[in-house]
Amino acid sequence: MAGLLLLLAGPGALEAVGIRNPPAIYLWAQDNKFTAFLVIFLLGGQIETQLLSTGAFEVYLNGAPVWSKLESGRLPSLGEIKGVIQDPGTAFEQPAMEGT
């Protein structure tokens, strides 16, 4: 997602964060926006699929695990991740199983 935003924002986005000489790949992407968009979109989707295909998704904070998809059976919501980062002492709430 960040790659697509940088691609659309143009060279001014890099200058805003203090990068005066963008890397060659960024210059190529600016000259070939359509191709770069397709590469980022398709490659990003493939990476996401590979990472999630194992079923493993873990969140660590300061080296300590705070979430495991393998243990919980689900992915955390964005709100749950934000909550545990803002207050590391809290644990994720596990939903009650239906029918129990």
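Sequence order sets the numbering: in each chain, residues are counted from 1 along the sequence as written. In view of the model being predicted, local features appear only for residues whose pLDDT reaches at least 70, and side-chain atom pairs are presented and counted only at 80 or more, with totals across whole chains, interfaces and linings using the full set of residues. Heavy atoms from the whole structure form the basis of all side-chain values; hydrogens and water molecules are not counted.

**Overview of the packing of aromatic side chains**
Link 1 in the chain: The rule is short: rings of Phe, Tyr and Trp, with Trp giving its six-membered ring, pair when the centres are within 6.5 Å, and they are stacked under 30 degrees, edge-to-face over 60, tilted in between. A full pass over the atoms with the stated rule returns one aromatic pair.
Link 2 in the chain: With a centroid separation of 6.0 Å and 10 degrees between ring planes, the pair formed by Phe37 and Phe41 is classed as stacked. Residue Phe37 and its partner Phe41 are located together in helix 4 (residues 33-53), separated by four residues, close to a single helical turn.
Link 3 in the chain: The class of Phe37 is partly exposed, set by a relative accessible area of 36%. Here a helix means four or more residues in a row that DSSP labels H or I, a strand means two or more in a row labelled E, and each is numbered from the N terminus. Only protein chains enter the area calculation, which uses a 1.4 Å probe; residues under 20% of their type maximum are buried, those over 50% are exposed, and those in between are partly exposed.

**Things to note about the pairing of strand 2 (residues 64-68)**
Link 1 in the chain: Strands are treated as partners if at least two bridges between them are detected by DSSP. The pairing of strand 1 (residues 58-61) with strand 2 spans four bridges and is classified as antiparallel. In the sheet register, Leu61 faces strand 2, and the bridge partner there is Ala64.
Link 2 in the chain: Adjacent in sequence and paired antiparallel, strand 1 and strand 2 are bridged by two residues, among which Asn62 carries a positive phi angle near 55 degrees.

**Re unusual backbone geometry**
Link 1 in the chain: Despite not being glycine, Asn62 has its phi angle at roughly 55 degrees, a positive value.
Link 2 in the chain: In this fold, Asn62 is placed in the loop between strand 1 and strand 2.
Link 3 in the chain: Given the relative accessible area of 77%, Asn62 is considered exposed.

**Looking at the packing of helix 3 (residues 24-31) against helix 4**
Link 1 in the chain: For every element, the axis is a line fit to its C-alpha atoms; helices are fit only across the contacting stretch, and the angle between N-to-C directions ranges from 0 to 180 degrees. Remark: helix 3 packs on helix 4, axes separated minimally by 5 Å, with the N-to-C direction vectors making an angle of 115 degrees. Classified by the angle their axes make, helix 3 and helix 4 are roughly perpendicular. Residues Trp28, Ala29, Gln30 and Asp31 of helix 3 form the contact with helix 4, whose own contacting residues are Lys33, Thr35 and Ala36.
Link 2 in the chain: Classifying every residue of the contact of helix 3 with helix 4 by side-chain character gives three nonpolar, two polar and two charged. Throughout this description, any angle smaller than 35 degrees is read as roughly parallel, any larger than 145 degrees as roughly antiparallel, any in the 65 to 115 degree range as roughly perpendicular, and the remainder as oblique. Throughout, a contact is declared for two residues whenever any of their heavy atoms are within 4.5 Å. When residues are sorted by character, Ala, Val, Leu, Ile, Met, Phe, Trp, Tyr, Cys and Pro go into the nonpolar class, Asp, Glu, Lys and Arg into the charged class, and all the rest, Gly among them, into the polar class.

**Some details on helix 4**
Link 1 in the chain: Residue count minus one, scaled by 1.5 Å, sets the expected span of a helix. In a regular helix each residue adds 1.5 Å, so 21 residues correspond to 30 Å; helix 4 covers 30 Å between its end C-alpha atoms and thus fits that length.
Link 2 in the chain: Backbone geometry just after helix 4 places Gly55 at a positive phi near 85 degrees.

**Things to note about the layout of surface pockets**
Link 1 in the chain: What the largest pocket holds in volume is close to 210 Å³.
Link 2 in the chain: Cavity: a set of points on a 1 Å grid over the protein atoms alone where a 1.4 Å probe fits but cannot get out. Pocket: an open set with protein on both sides within 12 Å along at least five of seven lines, its lining residues, like those of a cavity, having an atom within 4 Å of a point. What lines the largest pocket is simply Gly3, Leu6, Leu7, Ile25, Tyr26, Trp28, Ala29, Ala36, Val39 and Ile40.
Link 3 in the chain: Secondary-structure elements contributing two or more residues to the lining of the largest pocket are helix 1 (2-9), helix 3 and helix 4.
Link 4 in the chain: Element by element, the count of residues in the lining of the largest pocket is highest for helix 3, at four residues.
Link 5 in the chain: Residues belonging to the lining of the largest pocket are distributed by class as follows: nine nonpolar, one polar and no charged. Grid points are joined across faces, edges and corners, and a volume is the space filled by probe spheres set on the points.

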